[in-house]
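Understanding the architecture of this molecule
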Amino acid sequence: MARLLSWPVLLGVVVLVAAAALLVKRSSGDDLTAADKAFVKVCREHGGTPELAPGSGDYVKDARDCTIEYGGESYEMYAVHPEGFSAREAEDARQACLKQAAQERRDPENGRTPATFTWHARSGICEKSRAE
């Protein structure tokens, strides 16, 4: 019994409890800024997987990524922002998708079969399929 109450054992228990509390707080998302929380919400609403780098926050936009997979390829969703889904950026991406598809039909990248491009409005992504 005396060994259980010795100060090294008691100190070890206190350290374990503090570490567990810190891990629970970090995994719950309580340490995220309002901008990070908004970014995660918008990303998930549009089918993406959010990733926040250490040090992200209100002023560090490059520390946030929202990606989605189509056909085994990962695409970054540029229209996702903490302020919401950018209809302007999504429309710019849609126009670029149309131009890429037209260019590919005129001059296929592999010289034979043109790849196809599929616009995904919910995510604002232009998926390029592999030409066979």
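Residues numbered from 1 in each chain as written. Predicted model: local features only at pLDDT ≥ 70, side-chain atom pairs only at ≥ 80, totals over all residues. Heavy atoms only, no water.

**Notes on the sheet that holds strand β1 (residues 49–52)**
Read from one edge of the open sheet, three strands run β1-β2-β3, paired in antiparallel fashion. One side of each edge strand has no neighbouring strand; the edge strands of this open sheet are β1 and β3 (73–76). Within the sheet, the average angular offset between the axes of one strand and its neighbour, ignoring direction, is 35°. For β1 and strand β2 (residues 64–70), the ladder comprises four bridges, and the chain directions are antiparallel. Across the sheet, L52 pairs through a bridge with R64, a residue of β2. Helix α2 (residues 34–45) rests against β1 and β2 of the sheet, and its axis sits at about 155° to β1. (Pairing = 2+ DSSP bridges. Helix = DSSP H or I, 4+ residues; strand = E, 2+ residues; numbered from the N terminus. Axes fitted to C-alpha atoms, helices over the stretch in contact; angles between N-to-C directions. Contact = heavy atoms within 4.5 Å.)

**Some details on the state of the cysteines**
A full pass over the atoms with the stated rule returns two disulfides. The disulfide partner of C43 is C66, and the gap between their sulfur atoms is 2.0 Å. The chirality of the disulfide connecting C43 with C66 is right-handed, given an S-S dihedral of about 90°. Taken together, the residues C43 in helix α2 and C66 in strand β2 connect sequence positions 23 residues apart. In terms of burial, C43 and C66 fall into one category: buried. Bridging C97 to C126, the disulfide has an S-S length of 2.1 Å. Its S-S torsion of approximately 65° makes the covalent link between C97 and C126 right-handed. With a gap of 29 residues between them, C97 in helix α3 (residues 87–106) and C126 in strand β7 (residues 125–128) connect regions that are remote in the sequence. As far as the burial class goes, C97 and C126 line up, both buried. (Disulfide = S-S within 2.5 Å. Buried < 20%, exposed > 50% of the residue type's maximum accessible area, 1.4 Å probe, protein only.)

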